[in-house]
Amino acid sequence: MSDVAEGSRNDAALVLDELAKCFECDGARLPVLEPTSIRVKRGELFVMLGPSGCGKTTVLRIIAGLEPPSSGEVRLDGRRVQGPSPERGMVFQDFTSFAWLTVSENIAFGLRLRPHDPGEVRQTVADWVRKVGLDGFESFYPRDLSGGMQQRVAIARTLAVQPKLVLMDEPFGSLDAQARWQMQEMLLNLRRESPTTIVFVTHDVEEAIFLGDRIAVFSPRPARLLREFSVPYGVTRDRSITRAAPFIEMERQIHVAMRGEV
Amino acid sequence: MKHGQRRALGIAPFLLVLALWCILSYGGVVRALFLPTPTNVISEGFRMFAEEGFHNDILLSLARVFGGFLISAAFGVPLGILMGASRTTDTFFAPIIGFIRYMPATAFIPLAILWFGVGYVENVVLVFMSIFFYLVLLVADAAANVKKPWIDTALTLGANRLQVVTKVVVRAAAPDVWNAMRTMFGVGWTMIVVVELVGAEAGIGAKIIHAQRFLQTPKIMAGICIIGLLGVASDLCFRAGYRFLFPWARN
């Protein structure tokens, strides 16, 4: 991709440029991601949808800088990604709340890694506790929280450091259906307040359409981009859209796209 | 199982051993020279405190164990964390530590006496030898087993390598490190008694070997029982410390 092209489309915050990944094990090369190019616009919630174990998580880890790509590159605001940085936050599927820190201390973790004003940190933490609905649980340790509450902590902790880009790796995958719905609606609310750029990985088609602005459908491993869909809903979404005809039609098309490649 | 039942089940073996001892000693099955009666041992135990100042021997032994234990922990815990957190450090230290660890610390007693003479330095060095190398490896294991997602999370929140070690690895590994210290304190305790048996003027082990020379079997047994009680007491202290230091840890 030339600089001119990039300049003319400067609404792209995140660019995956011919990104590919192979795992080497015992001399054998196991391809997990075929060369893939994707552009994610600023403020967009971009969903990577595909079957479990297809390599989506690996793409997120490469964007986060936790793993190097085999070829191609990732650029955020035109700068090449080399290693992890707080400008690219990540919410993992595993519950990653630090067990030895309370809810408040967990949310403050990233803020306290850099030079900070204690009063400001306290204020920011209090704001986030409220935004993710953890009022009253500030001094609880993770062992006393449900899975859904732990993911609220993880989301607040990630967003509190104001990353340019948030990577979410099936963040609601381990939750029961009711908690998952609550979390999806909370995420939509958070986006209404401040539109963060998000790359969201899931294998759940309904979740993809309900949350996403755009959806990239991937094949089973090695992951290959099969098709992209644009979702016709704005930031304000109600659970009722999932029962309306356009939603169901898009679900059908996505299933066709996924089945087309087995 | 209810709490009361569990307690009863735990106390039962003590009672069984005590019953067997009573039968063998009071019943006259074994001669008193080889197995004195419980009353004899208990009264001897009280006499040792009252007339021989046995508490001074206990304090002396404790001071020796603590000396060796604290030096081991002061160097062993940071080194273990470093080995668990850094591949290079681990590659450098692990083979030599793995080698020395298999040399029984008791085999160093003659060498330690030769180098340092009989005394506090020799005691502490030998306790150190018995604790340090195992402690380092246990701590390194604890540090290496810290959940990877915690480390990844810290990295994406902006932690540098030093912060990953100080704010994640050390904190997450701390309960396991504490338990390793608890185990190794027991090892040091065993070691100091052996060291005192071999050559010391005073201390619990010295008292025991002294009693053996004069065929004072009740005194030997009283000494051994007190070592056991002190071990249980130190273990309880470590457990209480665990609950106090790590209220967040799952049991």
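An account of the accompanying structure is given in this report.

### Digging into helix H4 (residues 87-101) of chain B
Residues and elements named next belong to chain B. Here H4 is 15 residues long and its end C-alpha atoms lie 20 Å apart, about the 21 Å a rise of 1.5 Å per residue gives. Of all the bends in H4, the greatest, near 35 degrees, is centred on phenylalanine 93, and the proline proline 95 appears no more than four residues after it. Among the residues making up H4, those that are buried are Thr89, Ile97, Gly98 and Ile100. In the core, the buried residues of H4 are packed alongside helix H3 (54-85) and helix H6 (120-144).

### Remarks on the nonpolar core
If you look at the biggest cluster of nonpolar residues, it comprises 125 residues, and the most contacted ones within it are Ile215(A) and Ile254(A). The residues contacting Ile215(A), other than those within four sequence positions of it, are Val47(A), Leu49(A), Ala208(A), Ile209(A), Arg227(A), Glu228(A), Phe229(A), Val231(A) and Ile254(A).

### A word on the pairing of strand S3 (residues 45-49) of chain A
All names here are of chain A. S3 sits mainly inside the fold: five of its five residues count as buried. Side chains of S3 alternate between two faces, with Leu45, Val47 and Leu49 and Phe46 and Met48 buried alike. With five bridges joining them, S3 and strand S8 (residues 197-202) adopt parallel strand pairing. Directly across from phenylalanine 46, in S8, lies its bridge partner valine 199. Note: S3 against strand S9 (residues 214-218), four bridges, orientation parallel. Directly across from phenylalanine 46, in S9, lies its bridge partner arginine 214.

Criteria and thresholds
Residues numbered from 1 in each chain as written. Chains lettered and ligands numbered in written order. Predicted model: local features only at pLDDT ≥ 70, side-chain atom pairs only at ≥ 80, totals over all residues. Heavy atoms only, no water. Helix = DSSP H or I, 4+ residues; strand = E, 2+ residues; numbered from the N terminus. Expected span 1.5 Å × (residues − 1). Bend = angle between axes of the 7 residues up to and from the residue. Buried < 20%, exposed > 50% of the residue type's maximum accessible area, 1.4 Å probe, protein only. Contact = heavy atoms within 4.5 Å. Core = buried A, V, L, I, M, F, W, Y, C linked by side-chain atoms within 4.5 Å. Pairing = 2+ DSSP bridges.

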